[in-house]
Amino acid sequence: MASSKKKIPRHVAVIMDGNGRWATSKGLSRSEGHRAGADAIDRLMDSSLSLGLEVVSLYAFSTENWKRPITEIRSIFNLLVEFIDSRLDKIHAKGIRILHSGSRKKLSSLVLSKIDHAAEITRKNRKLTVNFCLNYGSQEEILSAFSRLTEERKKKSISIQKPISTKELEKYLYTYPLPAVDLLIRTAGERRLSNFLLWQSAYAELFFTENLWPEFGDKDLREALDWFARRTRKFGGLENG
């Protein structure tokens, strides 16, 4: 079944879960699982381009992931650097824009320089935006946005007592000005949001698949988009008005 062009989501978010489990099931190291997960990102980008998606946000590394063994953390960031070095030219040639959403704190100067370089090189591309949520935590993002908003109000002598609108606060989120998430996909059979894009996904449709992330491909994305196209999105109202 072909995905509906009329109801294709503007913004798809993906919690890429299952790299470690995939590796364990094949007798491989977790780092090899993350490498296979990077290959799945390649497939996702190509499929997203062919299907006409506007924005894809990827949960690449959460603020909670710092609790993992240091060897695994180093492996993940080394792979990220390798991913950018080896793929940036092709990504740019395909018209893909790279963005980063997340805290810059704790990220090494090398990782930050690679991310910033990728974002700068691709900033004018508009065929697809791929937003890497790296060192990202939604609760921290919302607290940070509120703090920055209040500081800006102080600078402009605007009363802190003045009610804050959602549009005003959204301007201080990491993801601004990307559209709200329409469809959130989580792999590996887990059914939780894990502190990912909580504000942006307020009215997102949630699609869960048992497939591990390294196994995720074009067929799986099309299945999720077909499921989305059949959903009735009422945003708190009634279907018929």
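This structure is a prediction, so every number in the text was calculated from the model and none was measured. (Residues numbered from 1 in each chain as written. Predicted model: local features only at pLDDT ≥ 70, side-chain atom pairs only at ≥ 80, totals over all residues. Heavy atoms only, no water.)

Description of the sheet that holds strand S6 (residues 205-208)
Reading across the sheet, the 6 strands line up as S3-S4-S2-S1-S5-S6 and stay open at both edges, with parallel pairing between neighbours. A strand with exactly one partner marks an edge of an open sheet, and here the two such strands are strand S3 (96-101) and S6. On average, adjacent strands in this sheet sit at an angle of 20° to one another, irrespective of strand direction. Here strand S2 (residues 55-62) runs beside strand S4 (residues 128-136); their pairing, made up of 7 bridges, is parallel. Bridge pairing links Val 56 to Val 130 in S4. Sitting on the sheet, helix H2 (residues 30-51) is in contact with strand S1 (11-15), S2, S3 and S4, with an inclination near 145° to S4. (Pairing = 2+ DSSP bridges. Helix = DSSP H or I, 4+ residues; strand = E, 2+ residues; numbered from the N terminus. Axes fitted to C-alpha atoms, helices over the stretch in contact; angles between N-to-C directions. Contact = heavy atoms within 4.5 Å.)

Looking at the nonpolar core
Within the largest apolar cluster, 43 residues are counted, with the highest numbers of intra-cluster contacts made by Val 14, Leu 58 and Ile 185. The residues contacting Val 14, other than those within four sequence positions of it, are Leu 44, Val 56, Ser 57, Leu 58, Tyr 59, Ile 185, Phe 196 and Trp 213. In this structure, Ile 15, Tyr 59, Tyr 136 and Phe 196 belong to the second largest nonpolar core, which totals 10 residues. (Core = buried A, V, L, I, M, F, W, Y, C linked by side-chain atoms within 4.5 Å. Buried < 20%, exposed > 50% of the residue type's maximum accessible area, 1.4 Å probe, protein only.)

What about the pairing of S6?
Here S6 shows a clear split, with Glu 205 and Phe 207 buried on one side and none of Leu 206 and Phe 208 buried on the other. Inspection of the sheet shows strand S5 (residues 183-186) paired to S6 by 4 bridges, in the parallel sense. Counted as the bridge partner of Ile 185 is Phe 207 from S6.

Examining the environment of Asp 116
Counting through the fold element by element, Asp 116 comes out in helix H4 (residues 109-121). On the basis of relative accessible area, Asp 116 is assigned to the partly exposed category, the value being 35%. Separated by 13 residues in the primary sequence, Asp 116 and Thr 129 place their C-alpha atoms 15 Å from one another. Among the polar contacts made by the side chain of Asp 116, one reaches the side chain of Arg 104 at a distance of 2.9 Å. (Polar contact = N/O pair within 3.5 Å; in protein donor to acceptor, adjacent residues only side chain to side chain.)

Brief notes about H2
Here H2 is 22 residues long and its end C-alpha atoms lie 31 Å apart, about the 32 Å a rise of 1.5 Å per residue gives. Backbone geometry just downstream of H2 places Gly 52 in the positive-phi region, at approximately 80°. (Expected span 1.5 Å × (residues − 1).)

Here we look at the pairing of S5
Side-chain alternation along S5 places Leu 183 and Ile 185 on one buried face and Leu 184 and Arg 186 on a second face that is also buried. As judged from the 4 bridges shared by S1 and S5, these two strands associate in the parallel manner. The residue bridging Val 14 from the neighbouring strand is Ile 185, located in S5.

Topic: the packing of helix H3 (residues 70-93) against H4
Any two packed helices are characterised by the angle at which their axes cross and by the distance between the axes. Contact pair H3 / H4: the axes reach a minimum separation of 10 Å and the direction vectors enclose 15°. Regarding the angle of H3 to H4, the classification is roughly parallel. Handedness of the crossing formed by H3 with H4: left-handed. For the pair formed by H3 and H4, the contact residues are Phe 77, Leu 80, Val 81, Ile 84, Asp 85, Leu 88 and His 92 on the first element and Leu 110, Val 111, Lys 114, Ile 115, His 117, Ala 118 and Ile 121 on the second. (Parallel < 35°, antiparallel > 145°, perpendicular 65-115°, else oblique. Left-handed = near helix turned anticlockwise from the far one by under 90°.)

Things to note about the UniProt feature "binding site: Mg(2+)" (unreviewed entry) in the protein
Taken from the UniProt record, the annotation "binding site: Mg(2+)" (unreviewed entry) applies to Asp 17 and Glu 205. Structurally, the position occupied by Asp 17 is in the loop between S1 and helix H1 (19-25). When residues no more than four places from it in sequence are discounted, the contact partners of Asp 17 are Arg 186, Thr 187, Ala 188, Glu 190, Leu 212 and Trp 213. For Asp 17, the side chain forms a polar contact with the side chain of Arg 21, separated by 3.3 Å. Mapping Glu 205 onto the fold places it in strand S6. The residues contacting Glu 205, other than those within four sequence positions of it, are Asp 182, Leu 183, Leu 184, Trp 227, Phe 228, Arg 231 and Arg 233. (UniProt positions renumbered as here; feature names shortened; annotations may be inferred.)

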